[in-house]
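Reading the structure
Here's the letter readout for the chains.
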Amino acid sequence: MAPTNDAAATRAGASVPGAAGQQLDPGIARRLKRDPAGLVAAVVQQHDTGEVLMLGWMDDEALRRTLTDGRVTFWSRSRQEYWRKGDTSGHVQRVHSVHLDCDGDALLVRVDQTGAACHTGSRTCFDGRDLNAEQAV
């Protein structure tokens, strides 16, 4: 599927170090339902405990990198660049599996997390952020 806007087209046409001629498998690309920016939400989960660690965003190139190099890569919406989790912090996410949801608009990335998953230093991006919802009876 072609990028859906100018930002996605720029990312798709950008020179990617070490990725000459590599593209996301077309069969996988066809199954993705991207947002208007060409991105898919990626929920990251600790593979052995089921703990939800964070949410990131991937375009086709970030997903290709994640599927092929064993480390999670995201597209940073704020910095407008790819970032491989842990390259600067040391808090690496090693890929165990990647699943596409039934609608094709979200990914579940199961990882082995080293250190904190959140940029704040918390184990997860959800620690200490309970909104105190009423529990159903």
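Residues numbered from 1 in each chain as written. Predicted model: local features only at pLDDT ≥ 70, side-chain atom pairs only at ≥ 80, totals over all residues. Heavy atoms only, no water.

Looking only at helices and strands, one finds three helices and six strands in the protein chain. Counted from the first residue to the last, the protein chain has its helices and strands arranged as α-α-β-β-α-β-β-β-β. Per-residue burial for the protein chain yields a buried fraction of 35% across its 137 residues. Considering only contacts in the protein chain between residues 6 or more positions apart, those separated by 24 or more positions represent 46%. Here the protein chain displays about 8200 Å² of accessible surface, and carbon together with sulfur accounts for 51% of that area. (Helix = DSSP H or I, 4+ residues; strand = E, 2+ residues; numbered from the N terminus. Buried < 20%, exposed > 50% of the residue type's maximum accessible area, 1.4 Å probe, protein only. Contact = heavy atoms within 4.5 Å. Areas by Shrake-Rupley, 256 points an atom, 1.4 Å probe, with all protein chains shown as cover.)

For the rest of this paragraph, the subject is the side chain of Lys85. In this fold, Lys85 is placed in the loop between strand S4 (81-84) and strand S5 (93-100). Buried within the structure, Lys85 lacks any salt-bridge partner; its nearest side chain of opposite charge belongs to Asp87, at an N-O separation of 11 Å. Here Ala117 takes part through its backbone oxygen, which lies 2.7 Å from a polar atom of the side chain of Lys85. Leave out the neighbours within four places in its chain, and Lys85 touches Met54, Arg71, Val72, Phe74, His91, Val92, Gln93 and Ala117. (Lys, Arg positive; Asp, Glu negative; His and termini not counted. Salt bridge = Lys/Arg side-chain N within 4 Å of Asp/Glu carboxyl O. Polar contact = N/O pair within 3.5 Å; in protein donor to acceptor, adjacent residues only side chain to side chain.)

This part covers helix H3 (residues 60-69). Listed in full, the buried residues belonging to H3 are Glu61, Ala62, Leu63, Arg64, Arg65 and Thr66. The secondary structure elements touched by the buried residues of H3 are helix H2 (26-31), strand S2 (52-58), strand S3 (73-76), S4, S5 and strand S6 (106-113). Sitting at the amino-terminal end of H3 is Asp59, which places a side-chain oxygen 3.2 Å from the backbone nitrogen of Glu61. Positive backbone phi, at 80°, marks Gly70, one or two positions downstream of H3.

A separate point is the sheet that holds S5. As a general point, the strands of a sheet are linked pairwise by backbone hydrogen bonds and lie either parallel or antiparallel. Pairing in this open sheet of four strands is mixed, and the strands run S2-S1-S6-S5 from one edge to the other. Two strands lie at the open edges of the sheet, namely S2 and S5, each paired on one side alone. Taken pair by pair, the neighbouring strands of this sheet meet at an average axis angle of 25°, ignoring direction. By the bridge criterion, six bridges tie strand S1 (residues 40-46) to S2 in an arrangement that is antiparallel. The residue bridging Gln45 from the neighbouring strand is Val52, located in S2. (Pairing = 2+ DSSP bridges. Axes fitted to C-alpha atoms, helices over the stretch in contact; angles between N-to-C directions.)

With that settled, the discussion passes to the nonpolar core. Ranked by internal contacts, the top residues of the largest apolar core, which has 20 residues, are Val44, Met58, Phe74, Leu107 and Val109. Those elements that place two or more of their residues in this core are S1, S2, H3, S3 and S6. The residues touching Val109, leaving out its near neighbours within four places in the chain, are Ala42, Val43, Val44, Gln45, Met58, Val72, Ser97 and Val98. (Core = buried A, V, L, I, M, F, W, Y, C linked by side-chain atoms within 4.5 Å.)

This paragraph deals with the packing of aromatic side chains. For the structure on display, the rule yields two aromatic pairs. Ring centres of Phe74 and Trp83 lie 4.9 Å apart, and the angle between their planes is 35°; this geometry places the pair in the tilted category. Overall, the relative accessible area of 23% leaves Trp83 in the partly exposed class. Ring centres 4.8 Å apart and planes at 70° place the aromatic pair Trp75 and Tyr82 in the edge-to-face group. Its end group placed over the ring of Tyr82, Arg65 keeps NZ or CZ at 4.4 Å from the ring centre. (Phe/Tyr/Trp six-rings, centres within 6.5 Å; stacked < 30°, edge-to-face > 60°. Lys NZ or Arg CZ within 6 Å of the ring centre and 35° of its normal.)

What follows deals with the confidence of the model for the protein chain. In the predicted model, the protein chain carries a mean pLDDT of 88, and 85% of its residues have values of at least 70. Confidence drops under a pLDDT of 50 for residues 13-18, and excluding neighbours within four residues, the segment shows three contacts in the predicted structure. (pLDDT = per-residue confidence, 0-100.)

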